[in-house]
Amino acid sequence: MASSTLIFSLFALILIITTIPLSMSSPVQGFAARLIHRDSPESPLYNPAATRAHLAQSARRRTIARQNYFNRLMSSGNKWGSSLISATLDQGHGDFIMQYKIGTPRVDTFGIFDTGSSLIWMQCEPCQKCYMQTIPIYDPAKSESYQKVKCGSVECSTTAYTSCTEDGECKYRIEYQDGSLTEGDIATEILMLEDDGLSGNVNLSNMVIGCGHYNLDTVEDYSPGVVGLSREPSSLVGQIGFRHVSYCIPSEDKGSRSSVKIGLPAVITEENTQTPMLSGKGGLYYLSLEGISIGGARLNIPRSVFDMTPEGDGGVIMDSGTSFTLIAPEGFGAVKQAVLDALSEFKPVEDSDKLYPFCYDDGRFKLETTPEIVFHFTRLDFPLAAGNTWIRNSQGHFCLAIRESVGNFNIFGLYQHRNANVGFDFNNNIVSLKYTDCQ
């Protein structure tokens, strides 16, 4: 599979439970989730007919949607944790999927694994309107453990995007700017993280979910729903109460499998690899970025380009659903010009996929001769590997894998920290970032 398809793809998650509880009556210490490339035959979203050009166009749609999503969030002034009848967003959900079982008796399902979402939701029968998905739609009427949530309950009041009906039922509605939406019931249900043959199953009882009976999907993800992993109370992490999360994504030459670890198994690396994790909108993972260097020279970018405003806008977000780093226009202009100047012996060409800012189609172009880009986080200088800075497009040209943001916010994208362990420590509000073997 070509390298340009790796970061655009979703991944399947096969759960590796690291403790042996059989239900929530036994303390769940945590679990690890193995990541598998979406284009692997093991993935439920595998499409053997997809070409590199088709994958590039799909990635372009998701990237644009994700940028619009954050732009809307930053400009809306809304807090995700508040009760909203409609949250007009355009999410482009993310690059991972998570497999699990739901209900009594258990049925298989999966959802997009998204640190930028605050709710676990899925399509449900009966459908007023549902989009096509690759597995049967979940039917809560066939589950003995499904329970609708009432208004006035803690579950309803701490879940984003909820409203109350006249008869006291808790409803949710998320409406995306591109026309996609999901609405339905807030409920509780059992989720099971399945035994992989190494240890026992983990049953998560009374998990708050969104059961969507009216759903539109204009991005054509074909996933049953989303597994939110933000820092909000209604996300997977927020409900279970785990205080540590880590993940590690390998580059394609290192293999197609890795893992996300939640709870006790999470890897938080040593102090000299750590930077503060800031508070911000929507329970997102904010970083403190002080500047950027290219070829050993610090760029003249005002610190205000990377800082949050007093109103909580802007800043730098680490997000599992954003493939490539996005830099606010003033900062991106400086980065782009510095890279072009450092590679002035080569003539840049336009990206045929319309995804990257510029490319090089020159046989003399070598990754090892490109200028090093360093992100200067507070107390942590993180150099981008050349393979994490450049990517081949569908024509085989080398392209800069950093994009200009559509708003005054920045996102540290997944491609730029491949082959690095990323650890979130909520107790101490730190993010650790260290290159390692992700296998």
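Whatever comes next refers back to the structure up there.
Residues numbered from 1 in each chain as written. Predicted model: local features only at pLDDT ≥ 70, side-chain atom pairs only at ≥ 80, totals over all residues. Heavy atoms only, no water.

**Q** Explain the environment of Q416 to me, please; I cannot follow it from the model alone.
**A** The residue Q416 is located in the loop between β28 (410–412) and β29 (420–425) in this model. With 31 residues separating them in the primary sequence, Q416 and A385 have C-alpha atoms 7.8 Å apart. Residues contacting Q416, with those up to four places away along its chain left out, are S323, F324, T325, F382, L384, N388, T389, A401, I402 and Y435. A polar atom in the side chain of Q416 sits 2.8 Å from the backbone nitrogen of T325. (Helix = DSSP H or I, 4+ residues; strand = E, 2+ residues; numbered from the N terminus. Contact = heavy atoms within 4.5 Å. Polar contact = N/O pair within 3.5 Å; in protein donor to acceptor, adjacent residues only side chain to side chain.)

**Q** Which parts of the structure should I look at to understand the packing of aromatic side chains?
**A** The description of two aromatic rings rests on the distance between their centres and on the angle between their planes. Inspection of the entire model under this criterion finds 18 aromatic pairs. A centroid spacing of 5.4 Å and a plane angle of 55° characterise the contact between F324 and Y415, whose relative ring orientation is tilted. Residue F324 is located in the loop between β19 (316–318) and β20 (325–327), and its partner Y415 is located in the loop between β28 and β29; the two are separated by 91 residues in the primary sequence. Across the pair, exposure class does not vary: F324 and Y415 are buried alike. (Phe/Tyr/Trp six-rings, centres within 6.5 Å; stacked < 30°, edge-to-face > 60°. Buried < 20%, exposed > 50% of the residue type's maximum accessible area, 1.4 Å probe, protein only.)

**Q** Looking at this structure, I do not really get the side chain of H417. What am I missing?
**A** By the element assignment, H417 lies in the loop between β28 and β29. Take H417: its relative accessible area is 1%, and that puts it in the buried class. Ignoring anything within four residues of it in the chain, the contact list for H417 reads Y247, M318, F382, N388, F412, V422 and L433.

**Q** Looking at this structure, I do not really get the state of the cysteines. What am I missing?
**A** In a disulfide, the sulfur atoms of two cysteines are covalently bonded to one another. Under the counting rule described, the total for this entry stands at six disulfides. The side chain of C127 participates in a disulfide bridge whose partner is C130; the two sulfur atoms lie 2.0 Å from each other. Since a negative S-S torsion denotes a left-handed disulfide, the C127-C130 link at about -85° is left-handed. Using a relative accessible area of 29% as the deciding quantity, one classes C127 as partly exposed. Judged by relative accessible area, which is 25%, C130 ranks as partly exposed. (Disulfide = S-S within 2.5 Å.)

**Q** Is there a simple way to explain the sheet that holds strand β22 (residues 359–360) in this structure?
**A** Neighbouring strands of a sheet are bound in pairs by backbone hydrogen bonds; such pairs are parallel or else antiparallel. An order of β21-β22-β26-β25 is seen for the four strands of this open sheet, with the pairing classed as antiparallel. Of all strands in the sheet, those bounded by a partner on one side alone are β21 (348–349) and β25 (390–392). Here three bridges tie β25 to strand β26 (residues 398–400), and the two strands are oriented antiparallel to one another. Paired with W390 across the bridge in β26 is L400. (Pairing = 2+ DSSP bridges.)

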